[in-house]
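Structure at a glance
Read off the chains here:
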Amino acid sequence: MRLLLRSLAPGALLVSASLSAAETPASSADFMRAISGSPALAAAARRTDAARERIESAGRLPDPEVEGMGSRMVGPMDERSTMWEVNVRQPLPKRGERAADRDRARAGVAMAEADYALMAGEMAADTATALAEAEGAEARIRLLETQIGRLDAVLRSIEVRLAAGTTGRIADRLTVQTRVAAMQLMIEEERRMTADALAEARGRLGLTPEAPLPAFSAPTVPEIRADDAAVLRLAAARSDEANAMVKMARASAKPMTAVGLRFERERKAMGDENTVGLAFMSEIPWRSRGYARAEVRAAEAERAAAQSDGTAARYRISAALTRVDRAERLAATARRLSAETLARLNAEFDSMIRSAGVGGGMGESTVLQTVELLEKATDTELQVIRADTAVRTARAELWRYMPAEQFR
């Protein structure tokens, strides 16, 4: 059993299960560059440019219309005359229609910009979550590999005792081997989880399987300003668009009008006759007023929906912030209790070693006690890793509520 005592010295149960170091400004900058360089965001940026270009065509004036006509008249007494007529007509926009169209175009730009920021926040949140899960899985792998090394030392000690014919049971060897095999399977599962998470992150960023990924980065609670969140900007832009649609609908109830200038020349035997006149045309808004009222009701419903979306978004932001707070408090508690538990387990292990040294050997139950202590230490450290991963995934969700200007 000396091999076991040398391999598992006092304090050997305590292993490091911390995740990677906290992110630095450089890693945060690399993370943002990776997000902004994704193909999906490039497409969203093009849509934003298209929305800006549409402002120039908003509130357009109709083009003037020109109409020409020629006719030949033959009377009952064989009198003849030729008439030429030219009409120039200018359709007029409905009152308030151009201003409403410009408001709708500006709201479209605001919506496109908010959509871009919202997509960037979602991509950053999903990518950071995948990176956090991958790092958590790698930390669990390191912990399990360390504990497998401890169990291998126990297994070697058992095999030495069995080979020497001293006290030892084959059942102890089988128990340790079963536990090692179970941990090896857990390691393979964690490796698969790591590969899946990293592949998901690369897929979202549009990276090749060989391309390096940025380090994990996530905002903190003080960086979140709810009023500037992209999701609230989008809700406000939709409300503005609904207001513009209300104006458009009300303008559509007004009649369409046009003014024109008419010039007519009639050639007769006695000489030419010229006629100049002004024309005015107006629709009769017989059906359009009913249609306009329906459009107004629809736009008002859209505005109410946008306002409800904004209220719901505020609740989600508040829930995300409190989730981070709860996760951080739980992680701090887990780290404190883990240190206390590992100290107790190490003290118990030291006591067991000292008792074995005083008694001149180790009983049959000592191996199982050692394995049980190692399992308890592993479970304790796994709880810390899970708590730290929960903090990171909770913080990763905050990307969805970062100010829209962060992603420009």
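Residues numbered from 1 in each chain as written. Predicted model: local features only at pLDDT ≥ 70, side-chain atom pairs only at ≥ 80, totals over all residues. Heavy atoms only, no water.

1. Here we look at the overall build of the protein
Just so we agree on the cut-off: The numbering of helices and of strands both runs from the N terminus, where a helix is a DSSP run of H or I of at least 4 residues and a strand a run of E of at least 2. Residue burial is assigned from relative accessible area. The probe radius is 1.4 Å, only protein chains are included, and a residue is buried under 20% of its type maximum, exposed over 50%, and partly exposed in between. In this description, contact between two residues means that some pair of their heavy atoms is separated by no more than 4.5 Å. Residue exposure ignores everything except the shown protein chains as possible cover, and the areas themselves are Shrake-Rupley values with a 1.4 Å probe.
Broken down by element type, the protein carries eight helices and four strands. Walking the protein from its N terminus toward its C terminus, one meets helices and strands in the order α-α-α-β-β-α-α-α-β-β-α-α. Burial analysis of the protein (408 residues in total) assigns 39% to the buried set. Put simply, 83% of the contacts in the protein that link residues at least 6 apart link residues at least 24 apart. Surface summary for the protein: the accessible area is close to 22,500 Å², and the carbon and sulfur share equals 55%.

2. Describing a nonpolar patch on the surface
What counts here: Within the patch definition used here, like charges are joined within 9 Å and nonpolar side chains (Val, Leu, Ile, Met, Phe, Trp, Tyr) within 5 Å, considering only residues with over 30% relative accessible area and no salt bridge. One speaks of a salt bridge when a side-chain nitrogen belonging to Lys or Arg is within 4 Å of a carboxyl oxygen belonging to Asp or Glu.
On the surface, Val66, Val86, Val88, Leu261, Phe263, Val276 and Leu278 cluster together to form a nonpolar patch covering roughly 690 Å² of accessible area. Turning to its location among the elements, valine 66 is positioned in strand 1 (residues 65–74). Relative accessible area serves as the criterion here: at 67%, valine 66 is assigned to the exposed category.

3. A word on the sheet that holds strand 3 (residues 257–268)
Quick note on the threshold: Paired strands, in this sense, are two strands between which DSSP finds at least two bridges. Inter-axis angles, ranging from 0 to 180 degrees, are taken between N-to-C directions of lines fitted to C-alpha atoms, where helices are fitted over the stretch in contact.
Here four strands make up an open sheet; going across it, the order is 1-2-3-4 and the pairing antiparallel. Looking at strand neighbours, the two that pair on one side only are strand 1 and strand 4 (271–282), the edges of this open sheet. Taking the axes of each pair of neighbouring strands and ignoring which way they run, one obtains an average angle of 15° across the sheet. Pairing analysis gives 10 bridges linking strand 1 to strand 2 (residues 80–92), with the strands arranged antiparallel. Bridging from a neighbouring strand, methionine 73 pairs with serine 81 of strand 2.

4. So, helix 5 (residues 170–205)
So the rule is basically this: Multiplying 1.5 Å by the helix residue count minus one yields the expected span of that helix.
Between the first and last C-alpha of helix 5 there are 53 Å, a value that for 36 residues agrees with the 52 Å anticipated at 1.5 Å per step. Looking one or two residues beyond helix 5, the residue adopting positive phi is glycine 206, at roughly 70°.

5. A closer look at the environment of alanine 249
Its location among the elements puts alanine 249 in helix 6 (residues 230–252). The residues touching alanine 249, leaving out its near neighbours within four places in the chain, are Ala292, Glu295 and Val296.

6. Thoughts on the packing of helix 4 (residues 97–164) against helix 5
This is how it is decided: Orientation is classified from the angle alone, with under 35 degrees giving roughly parallel, over 145 giving roughly antiparallel, 65 to 115 giving roughly perpendicular, and any other angle giving oblique. Left-handed describes a crossing whose near helix is turned anticlockwise from the far helix by less than a right angle; the clockwise case is right-handed. Under the scheme applied here, ten amino acids are nonpolar (Ala, Val, Leu, Ile, Met, Phe, Trp, Tyr, Cys and Pro), four are charged (Asp, Glu, Lys and Arg), and all others, including Gly, are polar.
Viewed as axis vectors pointing N to C, helix 4 and helix 5 meet at an angle of 160°, and their least axial separation amounts to 8 Å. As summarised for this structure, helix 4 and helix 5 are arranged roughly antiparallel, according to the angle between their axes. In this structure, helix 4 meets helix 5 at a crossing whose hand is left-handed. Taken together, the residues of the contact of helix 4 with helix 5 break down into 24 nonpolar, five polar and 12 charged.

7. Here we look at the confidence of the model for the protein
Note the following rule: pLDDT measures how confident the predictor is about each residue, on a scale from 0 to 100.
Per-residue confidence for the protein averages 84 on the pLDDT scale, and 88% of its residues sit at or above 70. Confidence, expressed as mean pLDDT per element, reaches its minimum in the protein at helix 1 (residues 2–7) with 44 and its maximum at helix 6 with 91. Every residue in residues 1–7 scores below 50 in pLDDT, and together they form 17 contacts with partners more than four places removed in sequence or on other chains. In the model, residues 357–363 has pLDDT below 50 throughout and makes seven contacts with residues more than four positions away in sequence or in other chains.

8. Some words on the packing of helix 3 (residues 39–53) against helix 4
Interaxial distance between helix 3 and helix 4 falls to 8 Å at its minimum, and their mutual angle equals 170°. The orientation of helix 3 with respect to helix 4, classified from their angle, is roughly antiparallel. Mapping the contact onto sequence places Ala40, Leu41, Ala44, Ala45, Arg47, Thr48, Ala51 and Arg52 in helix 3 and Gly108, Val109, Ala112, Glu113, Tyr116, Met119, Ala120 and Met123 in helix 4. Its residues assigned to classes, the contact of helix 3 with helix 4 shows 11 nonpolar, two polar and three charged.

9. Digging into the nonpolar core
The criterion, for reference: Buried Ala, Val, Leu, Ile, Met, Phe, Trp, Tyr and Cys residues that are joined via side-chain atoms within 4.5 Å together make up what is termed a nonpolar core.
With 44 residues, the main nonpolar core has Phe31, Val231, Trp399 and Phe407 as its most contacted residues. Among the elements of the structure, helix 2 (25–36), helix 3, helix 4, helix 6, helix 7 (288–359) and helix 8 (365–396) are those that each provide at least two residues to this core. Ranked by residue count, the leading element in this core is helix 4, at 12 residues. Other than its neighbours up to four places away in sequence, tryptophan 399 contacts Phe31, Met32, Gly121, Ala124, Ala125, Ala128, Ser217, Ala218, Pro219 and Phe407. Residues Val176, Val180, Met183 and Val367 belong to the second largest nonpolar core, which totals 14 residues.

10. Looking at the packing of aromatic side chains
How we decide: For Phe, Tyr and Trp, rings pair up if their centres lie within 6.5 Å, where Trp contributes its six-membered ring, and each pair is then called stacked (planes under 30 degrees apart), edge-to-face (over 60) or tilted (otherwise).
Counted according to the given criterion, the structure contains one aromatic pair. With a centroid separation of 5.4 Å and 20° between ring planes, the pair formed by phenylalanine 31 and tryptophan 399 is classed as stacked. Of the two residues, phenylalanine 31 is situated in helix 2 and tryptophan 399 in the segment after helix 8; the sequence distance between them amounts to 368 residues. The pair phenylalanine 31 / tryptophan 399 is uniform in exposure class, with both members buried.

11. What about the pairing of strand 2?
Within a regular strand, side chains alternate between the sheet's two faces. In terms of strand pairing, strand 2 meets strand 3 through 11 bridges, oriented antiparallel. Opposite valine 88, over in strand 3, you have leucine 261 as the bridge partner.

12. Topic: the pattern of salt bridges
In this structure the tally under the stated criterion is 28 salt bridges. The residue aspartate 126 makes a salt bridge to arginine 204 at a minimum N-O spacing of 3.1 Å. Residue aspartate 126 is located in helix 4, and its partner arginine 204 is located in helix 5; the two are separated by 78 residues in the primary sequence. Judged by its relative accessible area of 35%, arginine 204 falls in the partly exposed class. The salt bridge involving glutamate 190 is made with arginine 140; its shortest N-O contact spans 3.0 Å. Of this pair, glutamate 190 sits in helix 5 while arginine 140 is found in helix 4, placing the two residues 50 residues apart along the sequence. For the pair formed by glutamate 190 and arginine 140, the shared burial category is buried.

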